[in-house]
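The primary structure of each chain is shown beneath.
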Amino acid sequence: MEQPSTFSNRIPVLDLSREIRELKPQLMQAAQDVLDGGAFIMGDNVRQLEREIAGYLGVNYAVALNSGTDALVIALLAAGIGEGDEVITTPFTFFATAEAISRVNAVPVFADVEPDTFNLNPDRLKEAITPRTKAIIPVHLFGQPADMDRLMELAQAHGLHVIEDAAQAFGADHQGRKAGTIGDIGCFSFFPSKNLGAFGDGGMLVTNSGDIAEQATMLRAHGSKKKYYNELIGLNSRLDEIQAAFLRVKLPYIEKWNEDRRQAARVYRELLGQVSGLKCPVETERARHVFHQYTVRVMDGRRDELKSALDQAGIGTAVYYPLPVHKLPVYEAMQAHMPVAEQLSGEVLSLPIGPHMEAETQAYIARKIVEALR
Ligand SMILES: *Cc1c(COP(=O)(O)O)cnc(C)c1O
């Protein structure tokens, strides 16, 4: 079956329409309950969502916030990171990870990644530690946890805070623990395209530390415990009640959706695992990858050619990320050299994936890939 490249028949890189259609009655009811209840900021849904997510992840505290970016900023502030402190992170991530470090006037220091997992390479991280290093931010890129055993060992040996950027890895596991609950603080995003997405911006900070949770709770509400008695310079970073209500409708499905993504990944591997010039994502023994993205590496400089061939065939794909963070205009002056991240940015291509992938759609995508690379 040939698919013309018209908008209506296009295979988008992410398709939320089926999920919305299936959940619409529950979502409409949740919205109506919020409107009828009249509490729009910090109501019952926010408190319940915090409890439910803490329970699901197996962590003591969850603090609902306005975005994943704010979760990172608030995590750094709550950990006491500021002016002149160095924070080591990966250059192969969404800009927000490094932006949060700069936002609190700390210095982002990049350490190169592993080519197979796209995640922080503990050996490179170790080389980047200086007496000014205060924290590390591993990112669980594309839904696959970083090597937390080795990273935690290094952090403990050097007395560093560990803030996990788990924005792309809600529900992923690492040695039986949930991503985001292994370090001191975990940060999640509910941006609509994330594995657990709201219908607007949202985020969450999780921790087992009562002190960190208290700081974060104050920071999200202008640095106050009690209204109009502000003790800290904070932010306005609360999660909207209506988004919390939507997220509570979706949370019970996350395990199934993540398993569906894993199934779609298995199908891709069967179809594409032997295609020469293409490298499928590598899953490590230590972790359960939740495939926020299914990102292949296209070798021999043919990534852009494949991308446009798929576009011609009505298949949406995306390049995450076309420039590693150290090459972005704001960090260019550092002149950092991260050969693996630089090479990956020229090879990566994310294929359509989600909980509702049809096997026939995947077969069509695979056929077009094989044709294009022949
Ligand atoms: C999405 C994302 C963020 C930012 O989350 P927002 O909710 O969009 O602010 C941070 N880090 C990574 C790795 C992300 O993918």
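Predicted model, so just to flag it, every value in this text is computed and none were measured. (Residues numbered from 1 in each chain as written. Predicted model: local features only at pLDDT ≥ 70, side-chain atom pairs only at ≥ 80, totals over all residues. Heavy atoms only, no water.)

A. Quick look at the site of the ligand. Near the ligand you find 15 residues, and of these Gly68, Thr69, Asp165, Ser189 and Lys194 are the closest. Between the ligand and Gln168, the relevant distance is 2.8 Å, taken from an oxygen atom to a side-chain nitrogen or oxygen of the residue. Only α3 (68-78) and α4 (96-103) provide two or more residues apiece to the shell around the ligand. (Near = heavy atom within 4 Å. Polar contact = N/O pair within 3.5 Å; in protein donor to acceptor, adjacent residues only side chain to side chain. Helix = DSSP H or I, 4+ residues; strand = E, 2+ residues; numbered from the N terminus.)

B. Summary view of the sheet that holds strand β15 (residues 348-351). Strands sit in the order β12-β14-β15 across an open sheet of 3 strands; the sheet is antiparallel. Here the strands that pair on one side only, and so sit at the sheet edges, are β12 (278-279) and β15. Pairing geometry for β12 and strand β14 (residues 294-298), over 2 bridges, is antiparallel. Note on β14: the bridge partner recorded for Lys279 is Arg297. Across the sheet, helix α9 (residues 254-272) is in contact with β12, β14 and β15; its angle to β14 comes to roughly 20°. (Pairing = 2+ DSSP bridges. Contact = heavy atoms within 4.5 Å. Axes fitted to C-alpha atoms, helices over the stretch in contact; angles between N-to-C directions.)

C. Examining the nonpolar core more closely. Residues Phe92, Leu272, Leu278, Tyr294, Leu306, Leu351 and Ile369 are the most contacted members of the largest nonpolar core, which totals 41 residues. A total of 6 residues in this core trace back to one element, the largest contributor, which is helix α12 (residues 359-373). Mapping this core onto the domain boundaries places at least three of its residues in each of domain 1 (21-252) and domain 2 (254-373). (Core = buried A, V, L, I, M, F, W, Y, C linked by side-chain atoms within 4.5 Å. Buried < 20%, exposed > 50% of the residue type's maximum accessible area, 1.4 Å probe, protein only. Domains from an automatic or database assignment.)

D. Broad picture of empty space enclosed by the protein. Under the defined criterion, the tally for this structure stands at 2 cavities of 30 Å³ or more. Put simply, the largest cavity is a space of about 80 Å³. What lines the largest cavity is a set of 14 residues, and nearest its centre among them are Leu16, Glu19, Lys194, Arg261 and Pro355. Broken down by class, the residue content of the lining of the largest cavity amounts to 5 nonpolar, 4 polar and 5 charged. Looking at which domains feed residues into the lining of the largest cavity, each of domain 1 (21-252) and domain 2 (254-373) gives three or more. Along its surface, the second largest cavity is lined by Asp116, Thr117, Phe118, Leu141, Phe142, Gln144, Pro281, Val282, His289, Gln293 and Thr295. (1 Å grid on protein atoms, 1.4 Å probe; cavity = no way out; pocket = protein on both sides within 12 Å on 5 of 7 lines; lining within 4 Å. Points joined across faces, edges and corners; volume = space filled by probe spheres on them. Nonpolar A, V, L, I, M, F, W, Y, C, P; charged D, E, K, R; others polar.)

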